[in-house]
Amino acid sequence: MIKNIFIPEQIKGYYLFSQKIIGLALQSHGVYATKAHASGSKVAIQEFKYEKLGFSPDQNYDEAIADSIKKVVKDLGSHSQVRLAMPSSLVIFKELSFPFLDTDKIRMVLGYEIEQFLPFPLDQAVYDFSVTSQNKKEKTTTILVAVTQQKHVSRYVSILTEAGISPHTIVVDILALFSFVTEIPKYQNLGEGAALIELGADSTTISYIQDNKLKLVRSINQGLPALASKEELEVALRYDKEENTDQGKELFTKINNFFNEIQFTFSAFQSQQKDFTPIKKALITGQAAVLNHLSEFATQKMSIPFECVETKELTSGKTVSLKKSLQSIAQEFMVSASVACPTKQIQEFNFLTTFFKAANVGVITKQLITALVLIVLIFGLFIGNTFVQHKRLSSVVKTGTKELISKLKTTFDITERSALTKPDRAVKYAQTKLEEEENLWFAFSKEARFSYLEYLQELSIRIDRESLGIKFKRLSMELEDGSITLEGEIKDSDFKSLTILEESLKESKLLQHSTIPQDMIQTDYNTKTTTFT
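Throughout what follows, the structure given in this document is the object of discussion. (Residues numbered from 1 in each chain as written. Predicted model: local features only at pLDDT ≥ 70, side-chain atom pairs only at ≥ 80, totals over all residues. Heavy atoms only, no water.)

Digging into the pairing of strand E12 (residues 213-220)
Next up, step 1: Sheet topology places strand E11 (residues 204-210) next to E12; 7 bridges connect them, and they run antiparallel. Bridge assignment links Ile209 to a residue of E12, and that residue is Leu214.
Next up, step 2: Following E11, the chain reverses through 2 residues before pairing antiparallel with E12; Asp211 in that reversal takes a positive phi of roughly 55 degrees. (Pairing = 2+ DSSP bridges. Helix = DSSP H or I, 4+ residues; strand = E, 2+ residues; numbered from the N terminus.)

Overview of the sheet that holds E12
Next up, step 1: An order of E12-E11-E10-E13-E14 is seen for the 5 strands of this open sheet, with the pairing classed as mixed. Two strands lie at the open edges of the sheet, namely E12 and strand E14 (306-308), each paired on one side alone. Within this sheet the neighbouring strands show an average axis-to-axis angle of 20 degrees, counted without direction.
Next up, step 2: Bridge count for strand E10 (residues 193-199) against strand E13 (residues 279-285) is 6 bridges, and the pairing is parallel. The residue of E13 that forms the bridge with Ala195 is Ala282.
Next up, step 3: Docked against the sheet, helix H8 (residues 294-302) engages E10, E13 and E14, running at close to 160 degrees with respect to E14. (Axes fitted to C-alpha atoms, helices over the stretch in contact; angles between N-to-C directions. Contact = heavy atoms within 4.5 Å.)

Focus: the sheet that holds strand E6 (residues 92-98)
Next up, step 1: The strand order across the open sheet formed by 3 strands is E6-E8-E7, and the pairing between neighbours is antiparallel. Strands at the two margins of the open sheet, each flanked by one partner only, are E6 and strand E7 (125-135). Between one strand axis and the next, the sheet turns through 25 degrees on average, direction left out of account.
Next up, step 2: Along the sheet, helix H3 (residues 103-114) contacts E6, E7 and strand E8 (140-149); its crossing angle with E7, the most-contacted strand, is approximately 125 degrees.

Considerations on the packing of aromatic side chains
Next up, step 1: If you walk through the whole model with that rule in mind, you get 12 aromatic pairs.
Next up, step 2: Measuring from ring centre to ring centre gives 5.8 Å for Phe98 and Phe100, while their planes differ by 40 degrees; the resulting arrangement is tilted.
Next up, step 3: A relative accessible area of 5% places Phe98 in the buried class.
Next up, step 4: With relative accessibility at 22%, the residue Phe100 sits in the partly exposed group.
Next up, step 5: Chaining the aromatic ring pairs together yields one cluster made of Phe252, Phe258, Phe259, Phe297 and Phe306.
Next up, step 6: Sitting above the plane of the Phe117 ring, Lys94 keeps its charged end 5.6 Å from the centroid.
Next up, step 7: One cation-aromatic arrangement involves Arg155 over Tyr156; the distance from NZ or CZ to the ring centre is 5.7 Å. (Phe/Tyr/Trp six-rings, centres within 6.5 Å; stacked < 30°, edge-to-face > 60°. Buried < 20%, exposed > 50% of the residue type's maximum accessible area, 1.4 Å probe, protein only. Lys NZ or Arg CZ within 6 Å of the ring centre and 35° of its normal.)

Points about the environment of Glu234
Next up, step 1: Following the sequence through the fold, Glu234 ends up in helix H6 (residues 230-237).
Next up, step 2: For Glu234, a relative accessible area of 13% gives the class buried.
Next up, step 3: Through-space distance from the C-alpha of Glu234 to that of Gly248 is 10.0 Å; in sequence the pair is 14 residues apart.
Next up, step 4: Every residue in contact with Glu234, bar those within four places of it in the chain, is listed here: Val290, Leu291, Asn292 and His293.
Next up, step 5: Of note is the side chain of Glu234, whose polar atom sits 2.7 Å from the backbone nitrogen of Asn292. (Polar contact = N/O pair within 3.5 Å; in protein donor to acceptor, adjacent residues only side chain to side chain.)

Examining the packing of helix H2 (residues 61-76) against helix H4 (residues 150-162)
Next up, step 1: At a minimum axis distance of 8 Å, the contact between H2 and H4 shows a crossing angle of 50 degrees. The angle between H2 and H4 places the two elements in the oblique class. For the element pair H2 and H4, the recorded crossing hand is right-handed. Where H2 approaches H4, its residues Tyr61, Asp62, Ile65, Ala66 and Ile69 are matched on the opposing element by Arg155, Ile159, Leu160 and Glu162.
Next up, step 2: Looking at the contact of H2 with H4 residue by residue, the class counts come to 6 nonpolar, no polar and 3 charged. (Parallel < 35°, antiparallel > 145°, perpendicular 65-115°, else oblique. Left-handed = near helix turned anticlockwise from the far one by under 90°. Nonpolar A, V, L, I, M, F, W, Y, C, P; charged D, E, K, R; others polar.)

Let's talk about a negative patch on the surface
Next up, step 1: The grouping of Asp58, Glu63, Asp67 and Glu162 at the surface amounts to a negative patch.
Next up, step 2: Structurally, Asp58 can be placed in the loop between strand E4 (42-52) and H2. (Patch = residues over 30% accessible without salt bridge, like charges linked within 9 Å, V, L, I, M, F, W, Y side chains within 5 Å. Areas by Shrake-Rupley, 256 points an atom, 1.4 Å probe, with all protein chains shown as cover. Salt bridge = Lys/Arg side-chain N within 4 Å of Asp/Glu carboxyl O. Lys, Arg positive; Asp, Glu negative; His and termini not counted. Charge placed at Lys NZ, Arg CZ, Asp CG, Glu CD.)

Printed below as a string of structure tokens:
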């Protein structure tokens, strides 16, 4: 999703967006799966599912396990990510210390640090690490590095891809299991030497814990469940206390040899660890941990207290919870549950980060490519929207223009072809016609009629034609300049009558600006007649 490209899904163990996580643990006989819902700093386990491996005649293990994974994931329903546990038997572990706290710097130099003890070339290695301790005062960091070969990661990626799944994370089973078990309050202070043993069906993983830190890991390619059935193992574990058959004796011997191998591993840990603290407690989990007399037998055999991990106590903390319909986490689901519920210790651990580094374009490149695609998409949408809006607007304008010309043509009787093809000409033509109409009808308006009559009345009152001897020929009124013009003639050569006329008109408020221009007076001395305007 885009949000996962630009925004991290979690920061220091706090999920910014809720995630539905499926954790997978693969065994020779089938797939163990756990589904959990992570939100904020809490994880709630929703469901457990086991899918038995079913071989068809033409299938190998990888093809058969891919079918089982596909089915179990389908049964668990929708999910945000799928995480896979890689067996510790395929991994090399090494504790290293660095004189700085920045984990990004550690990643930069880690390859050079591990190359010297690898039994294969560095370019064939896939690695990651878990921070076990940091001393902020001395600015030092201690990590446990896990290294495997590319071919192993490639195989698991191919299996998941064959199942139609894009893996989110591949983590080492013992790292996930250790971080999960230490979430249980009673196991959070394993200050003295302790061991955590995962008793799987095909293999057994033994880890050494000192000062609450995972120090050493060793795997045995043998599992108790592979020796016999659960019922037979239960009988064999009680062989020295009950009457048994020769078959029981033989199985008892195999179990003894199995624990001899574990004892040898403890001795190997002591020789490898300089400041080794003797193991005072051994925690067991996994498919064989459910055997009733196993802890008792191992305690007597090894002279070390063995106890089965109390999975019910996982929900007593603040981080992990169980769906109400679930009572506890079964021992055989502990690995898949630990992968589905990553704690702060291993949330950053992922073999796929290194595995895809060469082929991957990287997060920054992904961000740039996605950003470029988004920018192009946004501009494309903007341009497309602008084009659509412009097309719609043009259509509206065209329709409006046709309606305007049609209306103007009907209203003003426009017949000129040029005026009918261009709206501005049609409007100009209509304005001219409108002005003509206004001028025509103004004369008949109430205001115009009132003004003319008032002026005519005032003229008739002020002019005494008989006493002045004036004969009027023409009276005109100009609307544009608001003037009244009188034309006439008098039988008076000294213009006395005109002077009286002018004074009489000026006495009127309406006609006070009346004048008789001298250049408009003409006298005919033959007829002794004067015309004026």
